[in-house]
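Examining the three-dimensional arrangement
Residue-level listing of the chains:
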Amino acid sequence: MGPDTRIQDLLGIELPTLLAPMAGAVSSELAIAVAEAGRRGSLPCAMLSTGQVRAELARIRQRTARPINLNFFCHHSPAVDLQWEMAWRERLSGYYLELGLDLKAPVQSTTRTPFDGAMWDLVVELRPEVVSFHFGLPDKELLAHVKDTGEKIQSSATTVDEARWLEDAGCDTIVAQGYEAAGHRGMFLTQDISTQLGTFALVPQVVDAVKGPVIAAGGIADARGIVAASGLGASPVQMGTTYLFCPESTIGSGTSASTEESSAS
Ligand SMILES: Cc1cc2nc3c(=O)[nH]c(=O)nc-3n(C[C@H](O)[C@H](O)[C@H](O)COP(=O)(O)O)c2cc1C
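I will try to describe carefully the structure that is included in this document. Everything numeric in this text was worked out from a predicted model, so none of it was measured.

This part takes up the overall build of the chain. Helix and strand counts for the chain stand at 11 helices and 8 strands. Projected onto the principal axes, the alpha-carbon positions of the chain cover approximately 55 × 45 × 40 Å. Buried positions account for 46% of the 265 residues belonging to the chain. The contacts of the chain with a sequence gap of at least 6 include a subset with a gap of at least 24, amounting to 63%. Of the roughly 13,400 Å² that the chain leaves accessible, carbon and sulfur atoms contribute 56%. Charge separation in the chain, taken as the distance between the mean sites of 20 positive and 31 negative side-chain charges, equals 2 Å.

A few words on the nonpolar core. Among the nonpolar cores identified, the biggest contains 52 residues, and Val53, Leu70, Phe72, Phe115, Phe133, Ile174 and Val206 are the most heavily contacted of them. When residues in this core are grouped by element, the largest group, 5 residues, is from helix H2 (residues 28-36). Formed by 8 residues, the second largest nonpolar core is a distinct cluster that contains Ile13, Leu18, Val175 and Ala217.

Around the ligand lies a shell of 20 residues, among which Asn71, Gln177, His184, Gly219 and Thr241 are the nearest. Between an oxygen atom of the ligand and a main-chain N or O atom of Gly219, the distance comes to 2.8 Å. For the ligand, an oxygen atom lies 2.8 Å from a polar atom in the backbone of Gly240. Taken by itself the ligand offers 590 Å² of open surface, and the protein chains cover 92% of this. Residue assignment for the shell around the ligand shows that the elements contributing at least two residues are strand S3 (68-73) and strand S8 (237-239). In the shell around the ligand, the residues fall into 9 nonpolar, 10 polar and 1 charged.

Turning to its location among the elements, Arg127 is positioned in the loop between helix H6 (117-126) and strand S4 (130-134). When the C-alpha atoms of Arg127 and Gly150 are compared, they prove to be 9.1 Å apart, with 23 residues separating the residues in sequence. If we skip the residues at most four places from it in the chain, Arg127 touches Arg61, Leu122, Thr149 and Glu151.

What follows concerns a nonpolar patch on the surface. A contiguous nonpolar surface patch, about 710 Å² in accessible area, is contributed by Trp84, Trp88, Leu92, Tyr95, Leu99 and Leu101. A relative accessible area of 36% means that Trp88 is categorised as partly exposed.

In this section: the pairing of strand S2 (residues 41-44). Alternating positions in S2 separate into two faces, Gly41 and Leu43 on one and Ser42 and Pro44 on the other, with burial throughout. Relative to S3, S2 is paired through 4 bridges, and the arrangement is parallel. Looking at S3, one finds that Leu43 is bridged to Leu70. In this view, the connection linking S2 to its parallel neighbour S3 by way of helix H3 (residues 50-63) has right-handed handedness.

Cut-off values and rules
- Residues numbered from 1 in each chain as written.
- Predicted model: local features only at pLDDT ≥ 70, side-chain atom pairs only at ≥ 80, totals over all residues.
- Heavy atoms only, no water.
- Helix = DSSP H or I, 4+ residues; strand = E, 2+ residues; numbered from the N terminus.
- Buried < 20%, exposed > 50% of the residue type's maximum accessible area, 1.4 Å probe, protein only.
- Contact = heavy atoms within 4.5 Å.
- Areas by Shrake-Rupley, 256 points an atom, 1.4 Å probe, with all protein chains shown as cover.
- Lys, Arg positive; Asp, Glu negative; His and termini not counted.
- Charge placed at Lys NZ, Arg CZ, Asp CG, Glu CD.
- Core = buried A, V, L, I, M, F, W, Y, C linked by side-chain atoms within 4.5 Å.
- Near = heavy atom within 4 Å.
- Polar contact = N/O pair within 3.5 Å; in protein donor to acceptor, adjacent residues only side chain to side chain.
- Nonpolar A, V, L, I, M, F, W, Y, C, P; charged D, E, K, R; others polar.
- Patch = residues over 30% accessible without salt bridge, like charges linked within 9 Å, V, L, I, M, F, W, Y side chains within 5 Å.
- Salt bridge = Lys/Arg side-chain N within 4 Å of Asp/Glu carboxyl O.
- Pairing = 2+ DSSP bridges.
- Right-handed = clockwise from strand over helix to strand, strands pointing away.

Below is the structure:
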């Protein structure tokens, strides 16, 4: 069995690697660099306003004609539970002391916005080649609107049940996200950590459970990982952490799209 090239063929990308959308760490610069290198670029939108998404995508379209993925969250914003927050800080207090951090600093509320009607309007206007979601999918009506635009829909599954649920709901491509995946892990049908598998255990099970192409994510950072994922039936792979070391990544630089806009205003 040769590598599954359905996504590469569909998007016209030369190499089987996708830049993971990473809210707060990826802006247009990294998406452009990755796309121009023959891979698929992504723009995470969970921390951007509609105006920022529009400006970022305009920058991307000016500098590359390659396919781009816009990525959105579909979570329900959690209520802040101070007792819970303080309990985990207490547990990590040794590290707070070691690094000179203030254990009593105010708890920041979430800055991630779930996909809504305004973002859907934007998808219709901007027509990215792929629309991807994290933490499941938007509600049925909103998802039907996105599908009506003809966009390819992608989301992540951390279990076989989640993968089946996504395919039944109309997802075209599924990211099998193993527990090595850094940053946001997209668990949405369960909160039970004991259901979670490593990437190379999860991938073949998801490949067997769904018909559409499967993308492997979590702990893959070099050619050996890409070949291993392909051997298990997943192609391409989505890589995140390894891109954080690129000069175009916004971590630590203070130049994410959101900070650029707030410093300009
Ligand atoms: C800093 C960071 C932020 C992330 N933010 C998002 C996000 O906004 N949307 C999303 O779908 N996945 C997000 N992820 C998960 C990635 O899409 C991907 O699954 C993960 O990075 C793969 O594992 P790796 O980091 O070991 O390569 C994030 C990952 C990191 C490291």
